[in-house]
Amino acid sequence: MKLKNLLALFVALLLSLSIILALSNNTLFPSFGNVDLNDRVSGEYLDQTNIDDVGAANIVTAIVVAYRGFDTLGEVTVLFVSALGVALLLGSSAKQKRLELDFKPNFMLRVGSRALFGIILLVGLYIILHGHLTPGGGFPGGTMIASAILLLYLADDRFRAKIKGFKILEGVAGSLYVIIGLLGLLLATYFLQNFLPSGTLGDLLSAGIIPIIYILIGLKVGSEISGIIDNFLTEEESA
Amino acid sequence: MIQYAAIVLFVLGLYGLVINRNLIKMIVSLNVMEIGLNLFIISIGFVYDGVAPIITSTNTVGAVLFVDPLPQALVLTAIVIGVGTTALALAIAKGFYTRYNTYDLSKAEEDL
């Protein structure tokens, strides 16, 4: 058994050595840190006229939501499908009971976690709203909202979120994303095209549909991950 | 040169995936592999003296060098997909535990 592990380690290190040698002897692979972005597609993303056209100060958000908006729709779908898979495997109905915690949460913990819940929710919403200006956006903000729900689940052994509301929110946010894409098709020329004015670079109300889509993504991701948390922390009543 | 550390991390995750027979440890190894790959993709876009690709009043195009935003956007996608796969894998592991009362694949094999 031990010999097998040593052999596996040897093969793994050999594999890493071969990958490293293949990359370091490749003239097409640029050396670390010495990249000219004008040779790449990214030169276009960092072009001033394109930046003004999209209107998002955060270029990563511009790529994720504007240039590759369709890709992000697929990404949200993958997350939805995995949440669906978790719900199918673990079972999700309002009748399920909470898993019992190993300890009894006291009064201070329950009240304190409720006070923290609002603060975490507010930070999450702030990050979602400023996704096109600062680092962050719908995905981290949505996860933060879900972490607030997780806090309530861990600090209170009787807490149970209204899981039906999450499902409705998730469905509405996902549908609105597609509807906004179709509006781009109707009012402009292609799917998910920006049909609102871009505004001034750096303003909260700028970048057209990017903040709207990121709010929808944030709500969808937040409710989906909260649903996953609920599925993991509940179980069917043993008859 | 430092980006090859990410490759080593990826390969160590692969090693963990091969030698472990415990489902939870296998999922953790899968995540280590994923982090190694993400770090490598991020490192491709690094530029010396580059700043984060966010336009501010002082960081404008032409005034400063920006790092490549495209790998960062792709890794953002990869992280979200990773969360989905990890959640699904953990759900399968939980189902496995309720059925066999162990997370260990070898022990479950003996019970069969």
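Criteria and cut-off values
Residues numbered from 1 in each chain as written. Chains lettered and ligands numbered in written order. Predicted model: local features only at pLDDT ≥ 70, side-chain atom pairs only at ≥ 80, totals over all residues. Heavy atoms only, no water. Axes fitted to C-alpha atoms, helices over the stretch in contact; angles between N-to-C directions. Helix = DSSP H or I, 4+ residues; strand = E, 2+ residues; numbered from the N terminus. Parallel < 35°, antiparallel > 145°, perpendicular 65-115°, else oblique. Left-handed = near helix turned anticlockwise from the far one by under 90°. Contact = heavy atoms within 4.5 Å. Patch = residues over 30% accessible without salt bridge, like charges linked within 9 Å, V, L, I, M, F, W, Y side chains within 5 Å. Areas by Shrake-Rupley, 256 points an atom, 1.4 Å probe, with all protein chains shown as cover. Salt bridge = Lys/Arg side-chain N within 4 Å of Asp/Glu carboxyl O. pLDDT = per-residue confidence, 0-100. Buried area = accessible area lost by both parts, 1.4 Å probe. Polar contact = N/O pair within 3.5 Å; in protein donor to acceptor, adjacent residues only side chain to side chain.

Engineer: How should the packing of helix H1 (residues 2-24) of chain A against helix H1 (residues 4-19) of chain B be read in this particular structure?
Structural biologist: A pair of packed helices can be characterised by two numbers: the angle between their axes and the separation between those axes. Axis separation between H1 of chain A and H1 of chain B bottoms out at 9 Å; the angle between their running directions is 150 degrees. One way to sum up the angle between H1 of chain A and H1 of chain B is to call them roughly antiparallel. Judged by the sense of rotation from one axis to the other, the crossing of H1 of chain A with H1 of chain B is right-handed. For the pair formed by H1 of chain A and H1 of chain B, the contact residues are Asn 5, Ala 8, Leu 9, Ala 12, Leu 13, Leu 15, Ser 16, Ile 19, Ile 20, Leu 23 and Ser 24 of chain A on the first element and Tyr 4, Ile 7, Val 8, Val 11, Leu 12, Leu 14, Tyr 15, Val 18 and Ile 19 of chain B on the second.

Engineer: Would you mind showing me how to read a nonpolar patch on the surface here?
Structural biologist: Among the surface-exposed residues, Ile 168, Val 172, Leu 176, Ile 179, Leu 183, Leu 186 and Leu 187 of chain A lie close enough to one another that they form a single nonpolar patch of about 660 Å² accessible area. Here Leu 183 of chain A is to be found in helix H8 (residues 163-187).

Engineer: In this structure, what is going on with the confidence of the model for chain A? I would like to understand it.
Structural biologist: Close inspection of predicted coordinates is inappropriate in any region flagged by low pLDDT. Of the residues in chain A, 97% have a pLDDT of 70 or more, and the chain-wide mean is 84. Predicted confidence in chain A is weakest over strand S1 (residues 97-98) of chain A, with a mean pLDDT of 77, and strongest over helix H6 (residues 107-129) of chain A, with 90.

Engineer: Would you mind showing me how to read the interface of chain A and chain B here?
Structural biologist: Interface size is commonly expressed as the accessible area that is lost once the parts come together. Each partner contributes residues to the interface: chain A has 52 residues there, and chain B has 43 residues. Carbon and sulfur atoms make up 78% of the area that chain A and chain B hide from each other, which totals about 4100 Å². In this structure, the connection of chain A to chain B is made through zero salt bridges. Here chain A is connected to chain B by four residue pairs in polar contact (both at pLDDT 80 or more). When residues of the side of chain A that touches chain B are traced back to their parent elements, those giving at least two are H1, helix H2 (42-45), helix H3 (48-54), helix H4 (59-67), helix H5 (69-90) and helix H9 (210-232) of chain A. It is H1 of chain A that provides the largest number of residues to the side of chain A that touches chain B, a total of eleven residues.

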